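Residue-level structural notes
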Amino acid sequence: MVELNDASNIVLEKISALVKNIKCGDEDSFKEFFYLTQPGIYKFLYRYLCDRDLSNDLTQDTFIKFWESRENIDPDFSPKSYLYKIARNLALNYINRNSSFGKISKIKSERLIPYSDPEKEYERKFILDDFQSAVNELPERCRATFIFCKYEGFEYSEVADIMNVSLQTVKNQMNKAIAILKKRLSNHLS
Amino acid sequence: MQNNYIKIDSQFLIRVIRNQVSENEKEYFENWLNESEEHKEEFGNLLLLWEEMDKAKVPDLPAAEEQWAVISEKIKNKTVHVDTESIRHLEYLSFKSGKNKNSRLSFISQNSIWLVRIAAILILTFSFAYIYSSFISNKPFNRDNTRTTFSSNTSNIKYEKVTSKGERVTFPLSDGSIVYLNSDSKLIYPKYFSNNERKLELVGEAYFTVKPNRDKPFKVVCGNMTVVVTGTEFNVKNRDNRIKVVVAKGTVRTYSEKTPDGISLQKGEMVSLEKNGFITKPVKVDLDLYLAWRQNKLSFSRTPLAEAMKEIERYYNIDVEFLSNENKTRTITGIFQTDKTSLDDILNILSLTLDIKINHENNKIFVQ
């Protein structure tokens, strides 16, 4: 985590330089920006949704949306946070539109039925492990908060910006997430 | 030292774990930690959870190139219809491996949009006729440049992608599937697929990474054979009236007029369309040999020299002439790494292996 701090500062500077060009419609900069930030966005979406294809699609949508709204990007607001904001909103919209989605038990049981179809069987290789499902079972806001902090390395204040909530809310959600996870994973944490 | 303002909560402890605290804060934290066993336990538990949660892995990151191809296509589609921009980005995707300086994508200016539309419809009409006749007459496919022709009618737009000899191109389709089109090949595909199927036409060779969609089967029509999948990866080679399908991932079903019930094949298997119109039974093949072209390799597996030289002809955009028939049927096996081995080295190896004379003069190869 230590070396990550210095590195991430360089990355952030790079990103803000790229975004200035992107605002002017420079596609090459956008491409570079994409290569720099795509792994993070995909990983966030995967942890948040636990669905490969969906995360793949929404990653693409996130960048398309970012490009479309490039003129409105506030340079004073971290572009990286803005990108994650888009990703989370798209994922949230998806969950809201598909009310059956997010019920992990349903997804899980579906995935456990052996498929005769080799393609489905291939997908099945990605059954969630205990840690993934523990994250996935967190309530939506808890989950997003925890993923942002734990896996994307954001500070509490940045998470508050991305999720449009107060710092206190982030603290509460984080404490809640930690408590739930401790209980859920107690057999792993002895 | 005024450290009373520091509140020991999850936010602070996570900063400790991330080593984002100042020396003062660190000292303050250590004092706090040593204050009680409860504090030690609280921090210990958090640290353990934090580290254990690293075990939640994200499987296979999607290939950034492929995603970028889709995004790049989409941001173009939203802003432009047919103009230089979309050409530029297609060109961008064009593999640099081809040494062919001529290779470019045709360019249509926006001013002459109406003329272009009419012309495009004509080109498309003729090209269908051309493909048809090339099947019938066994004429080799021949084009100078890579072209993408846009044909617009009221309902849909069709793209026609043509690669010249020595050039390979990769590009996405509207559904997110990716096509790798080999040299001297042609693919006709719609801008948007219809509601019930994803249908394309291929002459030459292409590798498809098909985005799974159960409701919209993906169909590749090559001459008398149709390949149907719902989501998988496979290679189709349709050269000189010989069609071969190889599967790299998942399952593929192939149909022909004489084999209406279809033949299924799985990963690592190949079928071909026989001259009598029947599809052969699947046979196990060495995938590397059939997919090598995607990695700048030329691969041959008991390939007759005549056929191998045709590959080389296509790959390097060069003419090959056999001075006699006697060596045409001799076979060779092996993979050439074209980015590490020059054409002349390849010819030398062939010449030494088969003990024949091969001369390379100007833009022509003469085989004994």
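Within any chain, residue numbers begin from 1 and follow the written order of that chain's sequence. Numbering of ligands from 1 and lettering of chains from A proceed in the order in which they are written. Local features are withheld for residues below a pLDDT of 70 in this predicted model, meaning they are given only at 70 or higher, and side-chain atom pairs are given and counted only at 80 or more; totals for whole chains, interfaces and linings count all residues. Excluding hydrogens and water, the side-chain values take into account all heavy atoms of the structure.

**Considerations on the overall build of chain B**
Filter applied, for reference: Starting at the N terminus, helices and strands are each numbered in turn, a helix being any DSSP run of H or I of at least four residues and a strand any DSSP run of E of at least two. Burial classes follow relative accessibility: with a 1.4 Å probe on protein chains only, a residue under 20% of its type's maximum area counts as buried, one over 50% as exposed, and anything between as partly exposed. Here, residues are in contact when the closest pair of their heavy atoms is within 4.5 Å.
A count of helical and extended segments in chain B gives 9 helices and 19 strands. Put simply, chain B has 368 residues, and 52% of those count as buried. The long-range fraction of contacts in chain B, counting pairs at least 24 apart against all pairs at least 6 apart in sequence, stands at 49%.

**Comments concerning the pairing of strand β10 (residues 242–249) of chain B**
Looking down a regular strand, the side chains alternate between one sheet face and the other. Residue and element names in this part refer to chain B. Rule in force here: At least two DSSP bridges between two strands are needed for those strands to be called paired.
Of all the 8 residues making up β10, 6 are buried; the element is thus mostly covered by neighbouring parts of the structure. The antiparallel hairpin formed by strand β9 (residues 233–239) and β10 contains 2 residues in its connecting segment, where Asp240 sits at a positive phi of about 50°. Of the strand pairs in this sheet, β10 and strand β13 (residues 269–273) are connected by 4 bridges, and their pairing is antiparallel. Paired with Ile243 across the bridge in β13 is Leu273.

**Description of the nonpolar core**
Stated precisely, the cut-off is as follows: Nine residue types can take part in a nonpolar core, namely buried Ala, Val, Leu, Ile, Met, Phe, Trp, Tyr and Cys, and a core is a set of them joined through side-chain atoms within 4.5 Å.
If you look at the biggest cluster of nonpolar residues, it comprises 72 residues, and the most contacted ones within it are Phe30, Phe33, Tyr48, Phe66, Phe146 and Phe148 of chain A together with Met53 of chain B. Non-local contacts of Phe148 of chain A, meaning those with residues more than four positions away in its chain, are made with Phe44, Tyr84, Arg88, Gly153, Phe154, Val159, Ile162 and Met163 of chain A. In this structure, Val179, Phe208, Phe218 and Ile279 of chain B belong to the second largest nonpolar core, which totals 32 residues.

**Section: the environment of Arg214 of chain B**
Along the chain, Arg214 of chain B turns up in the loop between β6 (198–209) and β7 (218–222). For the pair Arg214 of chain B and Val229 of chain B, spaced 15 residues apart in sequence, the C-alpha to C-alpha distance is 9.0 Å.

**Some remarks on the packing of helix α2 (residues 27–49) of chain A against helix α8 (residues 140–150) of chain A**
Residue and element names in this part refer to chain A. Basically, it comes down to this: Here an axis means a line fitted to C-alpha atoms, over the contact stretch when the element is a helix, while the angle between two N-to-C directions is reported on a 0 to 180 degree scale. Handedness of a crossing is defined here by the sense of rotation of the near helix relative to the far one, left-handed for an anticlockwise turn of less than a right angle and right-handed for a clockwise turn. As a working rule, the residues Ala, Val, Leu, Ile, Met, Phe, Trp, Tyr, Cys and Pro are called nonpolar, Asp, Glu, Lys and Arg charged, and the rest polar, with Gly in that last group.
One way to put it is that α2 packs onto α8 with a least axis distance of 10 Å and a crossing angle of 145°. Remark: the crossing between α2 and α8 carries right-handed chirality. Seen from α2, the contacting residues are Phe44, Arg47 and Tyr48; seen from α8, they are Glu140, Arg143, Ala144, Ile147 and Phe148. In terms of residue class, the contact of α2 with α8 is made up of 5 nonpolar, no polar and 3 charged.

**What about the sheet that holds strand β19 (residues 364–367) of chain B?**
Residue and element names in this part refer to chain B. The strand order β16-β19-β18 describes an open sheet built from 3 strands, whose pairing is mixed. Every other strand in the sheet has two partners, leaving β16 (319–322) and β18 (358–361) as the edge strands with one partner each. Strand after strand, the sheet turns through a mean of 20° between neighbouring axes, direction not considered. Strand direction decides the pairing type here: β18 and β19, joined by 4 bridges, are antiparallel. The residue of β19 that forms the bridge with Asn359 is Phe366. Most of the contacts of helix α8 (residues 305–316) go to β16, to which it runs at about 160°, and overall it touches β16 and β19. Where helix α9 (residues 343–354) meets the sheet, it contacts β18 and β19, and its direction lies at approximately 160° from that of β18.

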